[in-house]
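# Residue-level structural notes
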Amino acid sequence: MAQTWGNFFYSLLDYKTEKFVIANNKKVGVLFRLFQLGVIGYLIGWVFIWKKGYQETEEAIQSSVFTKVKGVALMNSTELGLQIWGPEDYVIPSQGDRVFFMVTNYLETPNQRLGYCSESPKVPDGYCGRNEDCTEGETVVAGHGVKTGRCINDTRTCEIHGWCPIEQSHEPMEPMLEKAENFTIYIKNFIRFPKFDFSKSNVLGTTNNSYLKTCTYDQVHHPYCPIFRVGDLVRWTGHSFGEMAVKGGAVGVVIDWNCDLDKDSSMCKPEYSFTRLDALKDSTNTVAAGYNFRFARYYRDTEGQIFRSLYKVYGIRFDIMVNGQAGKFNIIPTVVNIGSGLALMGAGVFFCDMILIYLISKSSFYRERKFEGVAKKKEGGSRDTRNARHRHRHTHDGRHRKEDKVAAEGQPLPSSTHGQDRRPLPKTHGHEQKQIPVASSRPHHSPERKAMSPVSSSRTAGSQLK
């Protein structure tokens, strides 16, 4: 038992290798080489060159965005008169963030005070035919106030208690801030990859203080200028600013940082892309397009009564999104990707083996050469060993029988004791007999056979002497 376990542990130190069979089949050989070339092309071209599989990557980018809008617009309307709007009026929120809204159009309902007035005819829940349809204290769904229990016959709507007069909303036809196309947006972005301790900004590192006051973003000439013209941002989405400024919209600004840290840090540049987010391109669904909301500004008169101005504003919402990844050489992903390529090579061997030993016309011939059967070892030796011993014994016995036959042919015939003629025997000296060579019909014999034939003759002659 101990010897068995010892043999087992010693066998663990043995090296086992595969047996290869070379098949002279050109078609399968060409197929295998093409598969190998495909795997090598995939590994070098796609994995290492295009995907940079030799690098360790990080996508957990840390980012911070600051925005600032500049521009002043002069507006003159018959209802409100001459007005000047600055960034503090049309940018919401005004402190600057990665998501902000810029007003391009608005509708104002001034001097609203708390009181009683009729509900708008555009509100379905405000319709009535009698007072019983206006339950007192019930809120008008999607309306402007609370029902008082009266039905106003002139408008056929319920009377409400709320901010009166109610908003007289209508669809705008032209943008109020049409000059907003020339406004500029300053987008400052800082990014950091903590794994590689690498940080950078989209602002050009320069000591020239007037650079940011005079430059405008250009992909070729000024890639590090973070100042964008509003009209250009909308135009890069494939839409018209004049159309979007009437009913509003949403624009996505995507900043991509794809940094190869094996190269110089100056090669790590921001890449910008722009898209409209509130509507699908070439879509006929215009109901969901646009963007607007309401807000109010409250005042107090000389008597201490509160009133307000209600604004329904249309404009462009900007969403700034930052994505990125960084890569740097590392031996671990390099080895892993090379191992994956070698594993694909093994798949090619398996595929070609299936064709060779199962699918082609001579599959049985190749299958017999590839798979070698070994019988279980039994007591007394294996089958091959026993066959070899049997062949050796058969050959040895046949050789002796042939030698005895040759010796018998060379000895003299026995003499008769009844008066037959006898030949005289040769003279001998003592007990020695003269060796008579036996002639053979074959021209050549081995030395062993020549030595054995005289001995047989001498034995026969001795028996005759006796």
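Summarised in this report is the structure supplied together with it. Everything numeric here is computed off the predicted structure, so don't read it as measured data. (Residues numbered from 1 in each chain as written. Predicted model: local features only at pLDDT ≥ 70, side-chain atom pairs only at ≥ 80, totals over all residues. Heavy atoms only, no water.)

### As for the environment of Glu 159
Looking at where Glu 159 falls in the secondary structure, it is placed in strand β8 (residues 157–164). In this structure Glu 159 comes out as buried when scored by relative accessible area, which is 11%. Put simply, Glu 159 and Gly 149 are 10 residues apart on the chain and 7.1 Å apart in space, counted from C-alpha to C-alpha. What Glu 159 contacts, discounting residues up to four positions off in sequence, is Tyr 116, Cys 117, Ser 118, Val 146, Lys 147, Thr 148, Arg 150 and Ile 152. Reaching out from Glu 159, the side chain makes a polar contact with the side chain of Thr 148 at a distance of 2.8 Å. (Helix = DSSP H or I, 4+ residues; strand = E, 2+ residues; numbered from the N terminus. Buried < 20%, exposed > 50% of the residue type's maximum accessible area, 1.4 Å probe, protein only. Contact = heavy atoms within 4.5 Å. Polar contact = N/O pair within 3.5 Å; in protein donor to acceptor, adjacent residues only side chain to side chain.)

### Some words on the nonpolar core
Judged by nonpolar contacts, the single largest core of 47 residues is most densely connected at Tyr 90 and Phe 318. No other element matches strand β15 (residues 306–329), which puts seven residues into this core. Apart from residues no more than four positions distant in its own chain, Phe 318 is found in contact with Arg 98, Val 99, Phe 100, Met 102, Ile 185, Val 230, Leu 233 and Val 251. Core analysis: the next-biggest nonpolar cluster, separate from the first, contains seven residues, Val 28, Phe 32, Ile 355 and Tyr 366 among them. (Core = buried A, V, L, I, M, F, W, Y, C linked by side-chain atoms within 4.5 Å.)

### Observations concerning the side chain of Thr 109
Assignment of secondary structure puts Thr 109 in strand β6 (residues 99–118). The residues contacting Thr 109, other than those within four sequence positions of it, are Pro 165, Ile 166, Glu 167, Gln 168, Arg 308, Ser 309 and Leu 310.

### Side note on the state of the cysteines
Structurally, a disulfide amounts to a covalent bond that connects the sulfur atoms of two cysteines. Counting across every chain of the model gives five disulfides. For Cys 117, the disulfide goes to Cys 164, at an S-S distance of 2.1 Å. With the S-S dihedral at roughly -75 degrees, the linkage between Cys 117 and Cys 164 falls on the left-handed side. Here Cys 117, found in strand β6, pairs with Cys 164, found in strand β8; they are 47 residues apart in sequence, far enough to count as distant. Cys 164 shares its class with Cys 117; the two are buried. One disulfide bridge connects Cys 215 with Cys 225, the sulfur atoms lying 2.0 Å from each other. Negative torsions about the S-S bond denote left-handed disulfides, and the value of about 80 degrees found for Cys 215 with Cys 225 makes this one right-handed. Taken as a pair, Cys 215 in the loop between α4 (211–214) and β11 (227–229) and Cys 225 in the loop between α4 and β11 lie far apart in primary sequence, 10 residues in all. Here Cys 225 falls in the buried class, since its relative accessible area comes to 0%. (Disulfide = S-S within 2.5 Å.)

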